[in-house]
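Overview (structure and organization)
Listed below are the residues making up each chain.
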Amino acid sequence: MITEQETHPLDDLLRVDRIPHIWCPTCGLGIVLNSFLTAVRESGIPREDIVVVSGIGCTGRAAGYVNLDSFHTTHGRALPFATGLKLGNPRLKVVVISGDGDLVAIGGNHLIHTARRNMDMTVVCVNNFNYAMTGGQFGPTTPKGARLTTAPYGSYEHPFNIPFLVDSCGATYVARWTVLHIRQLTESIKEALVHPGFSFIEVISPCPTVYGRRNQLGSGLDIVKYYRDNSIVRNDIDTRECEIEYQGKIIVGRFVQKRKPTYLETMNEYLRQSVGEGFVPYQGPMDDGD
Amino acid sequence: MDKSVLTGVHFWDGDYACAEGAIAAGCRFFAGYPITPSTEIAERIAQRFPFVGGTFIQMEDELASMAAILGAAWAGTKAMTVTSGPGFSLMQENIGLGVMTETPCVVVDVQRGGPSTGLPTLTGQQDMMQARWGSHGDYEIIALSPSSPQECFDLTITAFDLSERYRVPVLLMMDECVGHMTEKVVVPEKEKIRPLPRRWYRGPKEKYRPFQPDADGVPPMVRAGKDFRIHITGLTHDERGYPVINAECQNLCVTRLVKKIRDNADKITICEEHSLEDAEVVVVAYGISARVAFKAIADAREKGVRVGMLRLITVWPFPEMRVSELAQRVKAMVMPEINLGQVYLELERVVAGRCRTFLVPHCGGWVHDPKDIFEAIMASVR
Ligand SMILES: Cc1ncc(C[n+]2csc(CCOP(=O)(O)OP(=O)(O)O)c2C)c(N)n1
Ligand code: SF4
């Protein structure tokens, strides 16, 4: 009989009353959440300043498990919702955690524009190479040849190389890790949290239940073993060089880290100059009485 | 110098008046995507916001615009977007998120003729049912319809007040003619405009439950960044905001969203009445169509027909009680609409055969010929 309540060092940052979560055993999402919360704790950023926004999907459920102000929005629209939050209260550290289908397919237009604007926020994009929550359809990152429910003979579309996509649009921090690279991933999220501008981290994550099963890749453990044997750390590379092929090598690392004025810095500076004396910068949220 | 309320007498078009109404109401976040005939509102906001401390952003599309104003509202600002039919269609999913998460915000639809790209520069009232039912699921919404630039100013403020009061996206359904019509607009002194503040929660932090309603069915609100650690989701949720996926929670959650509007409908609905005391015929109209109908009413009165006007300022919720009372005692109701019968369906439903009803349809591009409304009035007493 267990008499003592089991606790976890991150409990304070978890909505423990919502556990057990809906994620499958050996799914990579738990590791991503763990890395994120560790990064939050180690960053020293006041907890009330961090807001998590998700779209829809297995990954999108992350917002529901963090014990932080959090928003679970509509499929694909996490980034514009996050943009409104950031501009509505520029003091907030806005973090978007969502799936590759959510951010790159249905939300692809928002992704390129949020990166272009260098909107000050951090995006953690969990790439499991498929639409997991809807039962395993192919998506914008599915490697050619991988089989999924809507690609029963294997996908024949060209997948996105997401780091290259966001880099070319203007993201000022771009990294990719697998869930095997827990320490690097956590460090990356910490860096991204304090990075001024659009920071983007792709996390390659096992979905044994759907992607793994459809492609006979074995258990979650087998998939992580494959990451161990096939990922190559290469920092600062040209992001054109990190395409992922079906069961091929996975290039990981911190690819881009540069400083460029953020959307708000640019806007305020520009208006101060062009509007001149009459310019009144945004005063922050409405007074809520304290 | 405070430039948020341009007190004085102006010669403005409806679009400009709407922008000024939003600023006077305290709107300080705007996200939008250009579309005729609503663009001038966005342009004027872009021009004015730097002087009043507002943030304007032109988003990549209407889906983004609607999502962004919801985010900004939760950050603690008053937020607005504007669009026209095609963009309004794109906003529907996130209008639903606004309803489900009880997010105060204002959406302006300056209507043009549809379907599809239709008549980009010409008038219509063809989004009225889209306003009512455009998003999926059961819900109740508030939609207002101004008939003049003055009302574009006044009702934009009312729209913000209602959205804060009932925590629901409020729709301002303009028509192209009203948006582009230039008239006198009187802007009162700043002290005379008292926009409703948000319903902030004031109790102890530990006791806060984001969706626990007050007695009137509406929960008080907190904003992100205050360490309340709220979780807000578009999924069916309990009072804590936690997703609960079952029929029982759906019943509680959705019923309250609907009831908070239905139960307060008499406080929300605004109508204007003309010559109804002795009326045997009532013209029911809104927006530009009401103004055209006044000519027909005057002509019919000259012919001895006792006809009056019920002008709908709030279209949704439909002023069911007032229409019902009138249906009891008049011979007929005549409804001109710049569509082939939308709000008319609701009129028929409420009248329920107690008097005759006549639709005067027009499928857009221009306003009615008053003669058509006149003839319908005459036919109604024959
Ligand atoms: C507008 C809309 N279209 C489709 C869906 C159905 N849907 C839910 S989750 C999902 C895919 C999620 O995939 P991804 O973002 O990769 O997340 P994952 O589940 O793989 O973590 C889809 C298509 C939806 N909820 N809304
Ligand atoms: S379906 Fe895949 S991504 Fe979703 S929880 Fe299960 S393993 Fe994880």
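For the structure, check the block above.
The rules behind the values
Residues numbered from 1 in each chain as written. Chains lettered and ligands numbered in written order. Predicted model: local features only at pLDDT ≥ 70, side-chain atom pairs only at ≥ 80, totals over all residues. Heavy atoms only, no water. Contact = heavy atoms within 4.5 Å. Buried area = accessible area lost by both parts, 1.4 Å probe. Salt bridge = Lys/Arg side-chain N within 4 Å of Asp/Glu carboxyl O. Polar contact = N/O pair within 3.5 Å; in protein donor to acceptor, adjacent residues only side chain to side chain. Helix = DSSP H or I, 4+ residues; strand = E, 2+ residues; numbered from the N terminus. Nonpolar A, V, L, I, M, F, W, Y, C, P; charged D, E, K, R; others polar. Near = heavy atom within 4 Å. Buried < 20%, exposed > 50% of the residue type's maximum accessible area, 1.4 Å probe, protein only. Pairing = 2+ DSSP bridges. Right-handed = clockwise from strand over helix to strand, strands pointing away. Axes fitted to C-alpha atoms, helices over the stretch in contact; angles between N-to-C directions.

1. Some points on the interface of chain A and chain B
On the side of chain B, 48 residues touch chain A, which itself brings 51 residues to the contact. Summed over both partners, the interface of chain A with chain B comes to about 4,000 Å²; 57% of that surface belongs to carbon and sulfur atoms. It is Asp69, Met286 and Asp288 of chain A in chain A that bury the most area against chain B; as a group they hold 16% of the surface buried on that side. Our enumeration of links across chain A and chain B arrives at five salt bridges. With a shortest N-O distance of 3.0 Å, Arg223 of chain B and Asp288 of chain A are connected by a salt bridge. Where chain A meets chain B, there are 26 residue pairs in polar contact (both at pLDDT 80 or more). Those elements that place two or more of their residues in the side of chain A that touches chain B are helix H2 (62-65), strand E2 (69-72), helix H3 (78-88), helix H5 (108-116) and helix H10 (263-275) of chain A. Partitioned by chemical class, the residues of the side of chain A that touches chain B number 20 nonpolar, 17 polar and 14 charged.

2. Section: the site of ligand 2
In the region of ligand 2, the neighbouring residues are Trp23, Cys24, Cys27, Cys58, Asn128, Ala132, Cys207, Pro208, Thr209 and Val210 of chain A. A class-by-class count of the residues in the shell around ligand 2 yields eight nonpolar, two polar and no charged.

3. Some details on the pairing of strand E12 (residues 281-285) of chain B
Residues and elements named next belong to chain B. The element E12 is extensively covered by neighbouring structure, given that five of its five residues are classed as buried. Across five bridges, the pairing between E12 and strand E13 (residues 307-312) is parallel. Within the sheet, the bridge partner assigned to Val283 lies in E13 and is Met309. For the crossover that starts at E12, traverses helix H10 (residues 287-302) and ends in the parallel E13, the hand is right-handed. As judged from the three bridges shared by E12 and strand E15 (residues 332-337), these two strands associate in the parallel manner. Each bridged residue has a counterpart across the sheet, and for Val282 the counterpart in E15 is Met333.

4. Concerning the pattern of salt bridges
With the rule as written, the count across this model stands at 42 salt bridges over all chains. In this structure, the salt-bridge partner of Arg199 of chain B is Asp216 of chain B, at a minimum N-O distance of 3.1 Å. One end of the pair, Arg199 of chain B, is in the loop between strand E9 (182-187) and strand E10 (231-233); the other, Asp216 of chain B, is in the loop between E9 and E10, with 17 residues separating them in the sequence. Of the residues examined, Arg199 of chain B reaches a relative accessible area of 17% and is grouped as buried. One salt bridge connects Glu325 of chain B with Arg322 of chain B, and the closest N-O pair in it is separated by 2.8 Å. Here Glu325 of chain B and its partner Arg322 of chain B are both found in helix H11 (residues 320-329), three residues apart, which amounts to about one turn of the helix. What you see here is one network of salt bridges that share partners, running through Asp12 and Arg47 of chain A together with Asp227 and Arg229 of chain B.

5. What about the sheet that holds E12 of chain B?
Hydrogen bonding along the main chain pairs the strands of a sheet, whether they run parallel or antiparallel. All names here are of chain B. Ordered in space as E11-E13-E12-E15-E16, the five strands form an open sheet in which the pairing is mixed. With one partner strand each, in any of the chains shown, strand E11 (271-274) and strand E16 (356-361) form the two edges of the open sheet. In this sheet, neighbouring strand axes are inclined to one another by 20 degrees on average, regardless of whether the strands run parallel or antiparallel. Looking at chain direction, E11 and E13 are connected through four bridges and run antiparallel. What sits directly across from Glu272, in E13, is Arg311.

6. Points about the environment of Leu196 of chain B
Residue and element names in this part refer to chain B. Mapped onto the fold, Leu196 is located in the loop between E9 and E10. A residue is classified by how much of its surface remains accessible, and Leu196, at 32% relative accessible area, is partly exposed. Between the alpha carbons of Leu196 and Ala72 there is a distance of 18 Å; along the sequence they are 124 residues apart. Aside from chain neighbours lying at most four places away, what touches Leu196 is Lys78, Asp161, Glu164 and Arg165.

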